[in-house]
Amino acid sequence: MEQIDVLILGAGVAGLGAALRCREMNRRAVILEARDSAGGLLDNFVIDGFRFDHAVHLSFAKEPKVREIFDRTPYLTHPADSTCFDQGTWFKHPVQNNLVPLPAQEKVALIESFLGRRDTMDEDNYENWLRHQYGDAIAERYPLRYTRKYWASEAARLSTTWIGDRMRRAQLDEILYGAFTDDTPNHYYTKEMRYPVEGGYKAFIQPLIAEAEIRLGRKVVRIDPRQRVVRCANGDEIQYGQLVSTLPLPVITTLLEDVPAAVSEAARNLVASSIDLVSVGFRRNVVRDLWFYIYDEDILASRAYAPSIKSPNNAPPGCSSLQFEAYSRGPQSQFDADTLKENTAYALQKMGIGTADDILFIDHRHVPYGNVIFDIGMEDHREIVRRHLLELGIASRGRFGEWDYLWSNQSLLSGYHWPEAL
Ligand SMILES: Cc1cc2nc3c(=O)[nH]c(=O)nc-3n(C[C@H](O)[C@H](O)[C@H](O)COP(=O)(O)OP(=O)(O)OC[C@H]3O[C@@H](n4cnc5c(N)ncnc54)[C@H](O)[C@@H]3O)c2cc1C
């Protein structure tokens with residue numbers, strides 16, 4: 001049987017970061033990847049000269065180690081400007097700080113509710129956090145609805161541990177200012193977003209792909225941690241000195257032998273969102289915003305971005321493109337492909353972006369693991385699974401191996417730091 005010093009499962013950015021560390025330690029590492037190309041969530045696809053990433057991807061990495069890799073690729077920079085669409089009206093993001101397009105009566109009602117907001121939270125959950133931050137009226141009109149779409153979950157069942165700087169805290173002066181003028185400052189958590197000139201987001205990690213030993217089309221189907229043997233769907237069997245996995249925690253627990261019932265049960269409680277990507281190619285330039293959030297319930301997607309604005313090289317000359325993201329709880333989609341495509345054409349019309357005549361194609365594909373969902377109590381279940389893997393000597397890294405809300409730079413470093421995790 002073949003023997004490999006460090007065997008890495010998954011050729012996403014975390015697996016590639018782990019392989020980089022092995023090269024620096026002069027240890028031989030082989031990556032097994034189920035798909036027929038590397039990159040994981042950072043991979044992309046091309047249709048008739050239009051390139052699409054897997055959901056919006058822009059880099060705001062600050063870490064020197066990551067910048068040293070990403071900055072080898074020529075890139076464009078974009079201001080972090082985005083917009084929101086709700087019932088026929090476009091707002092600057094975040095909507096609560098940019099209420100100016102609303103009729104005066106509605107603004108007054110929302111601001112009154114903000115002034116009367118709760119001082120304390122009875123119970124720490126995301127719904128209470130939103131009501132406490134923004135007041136009932138703003139919370140109910142915007143983020144509570146958006147949560148149902150983006151997290152495919154009621155806010156009351158989510159914790160607040162993931163929020164960090166992802167949500168703008170509400171301040172009276174900002175809300176008032178944005179109710180009077182559209183000349184409001186951008187408070188997004190990063191000012192500048194970077195994107196490769198060519199080759200999609202994946203171009204940032206191409207140097208890591210080029211240097212790693214990757215075996216594509218190797219879906220791992222069984223792991224025997226006592227014999228230290230990994231088996232692939234094609235029959236390959238490899239014995240490892242050290243195993244680094246970037247597979248989702250609920251997946252790896254189904255591949256391991258002799259998993260205690262409590263660990264399997266904990267893993268079943270870990271839920272991520274899956275994403276339906278609906279990608280649209282237009283025969284002319286119809287797009288305006290780098291990305292935008294969609295609140296309307298009759299539009300299934302909760303967000304869309306413009307690959308052709310990220311880089312003009314993502315679309316043929318004179319053309320433009322958008323990719324819509326619709327979310328489901330768990331790895332199976334709640335939608336069917338035809339409905340999504342029809343609904344996207346409807347959304348384009350409703351939002352005043354484009355008509356059927358502008359559309360060259362609408363493509364659909366599904367990504368089973370998108371964002372870790374922070375259900376209340378998730379951390380306890382995650383801890384049980386992570387502890388079990390540690391006991392088996394497996395370094396579980398990356399967004400789904402750590403089961404955390406990691407950006408691509410953080411996932412890279414998560415993989416890179418696998419020795420410290422053991
Ligand atoms: C909607 C969305 C938007 C995002 N936007 C940004 C952004 O703007 N900026 C940013 O920096 N980050 C962004 N991210 C985060 C970024 O995508 C992740 O942090 C990163 O790609 C995760 O990398 P990973 O290697 O941990 O996981 P993955 O990329 O999922 O890699 C895991 C790999 O394991 C493989 N695999 C799975 N099962 C098996 C098996 N049985 N056998 C072998 N291989 C297997 C998979 O095919 C995959 O290639 C976004 C993520 C999402 C979902």
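Residues numbered from 1 in each chain as written. Predicted model: local features only at pLDDT ≥ 70, side-chain atom pairs only at ≥ 80, totals over all residues.

Asks: Quick rundown of the site of the ligand? Include the residues and the values.
Replies: Around the ligand sit 36 residues in total, of which G10, G12, G40, G398 and S408 are the nearest. Elements that contribute at least two residues to the shell around the ligand include exactly helix 1 (13–24), helix 14 (398–401) and helix 15 (408–416). Considered class by class, the residues forming the shell around the ligand number 19 nonpolar, 13 polar and four charged. The residue makeup of the shell around the ligand includes at least three contributed by each of domain 1 (2–38 + 212–270 + 374–421) and domain 2 (46–60 + 75–93 + 188–196 + 273–368). (Near = placed C-beta within 6 Å. Helix = DSSP H or I, 4+ residues; strand = E, 2+ residues; numbered from the N terminus. Nonpolar A, V, L, I, M, F, W, Y, C, P; charged D, E, K, R; others polar. Domains from an automatic or database assignment.)

Asks: Residues and numbers for the domain arrangement of the chain, please.
Replies: When its domains are assigned, the chain resolves into domain 1 (2–38 + 212–270 + 374–421), domain 2 (46–60 + 75–93 + 188–196 + 273–368) and domain 3 (104–179). A C-alpha centroid distance of 37 Å is found between domain 1 and domain 3. Between domain 1 and domain 3, the residue contacts involve six residues of the former and six residues of the latter. (Contact = placed C-beta atoms within 7 Å.)

Asks: Just give me the short version of the pairing of strand 16 (residues 320–329), but keep the residues and values in it.
Replies: With respect to burial, strand 16 is a largely interior element, eight of its 10 residues being buried. Looking at chain direction, strand 13 (residues 273–282) and strand 16 are connected through 10 bridges and run antiparallel. From the neighbouring strand, G281 faces strand 16, where its bridge partner is S321. As paired strands, strand 15 (residues 303–305) and strand 16 are joined by three bridges and run antiparallel to one another. Bridge pairing in strand 16 links Y305 to Q323. (Buried ≥ 20, exposed ≤ 12 C-beta atoms within 10 Å, placed from the backbone. Pairing = 2+ DSSP bridges.)

Asks: Help me get a handle on the packing of helix 10 (residues 261–268) against helix 13 (residues 378–391), residues and values and all.
Replies: The geometry of helix 10 relative to helix 13 is characterised by a closest axis approach of 8 Å and an angle of 130° between their N-to-C directions. It follows from the interaxial angle that helix 10 and helix 13 lie oblique. The crossing of helix 10 and helix 13 is left-handed. Counted together, A262, V263, A266 and A267 of helix 10 and H381, I384, V385 and H388 of helix 13 form the full contact between these two elements. For the contact of helix 10 with helix 13, the class distribution of residues is six nonpolar, two polar and no charged. (Axes fitted to C-alpha atoms, helices over the stretch in contact; angles between N-to-C directions. Parallel < 35°, antiparallel > 145°, perpendicular 65-115°, else oblique. Left-handed = near helix turned anticlockwise from the far one by under 90°.)

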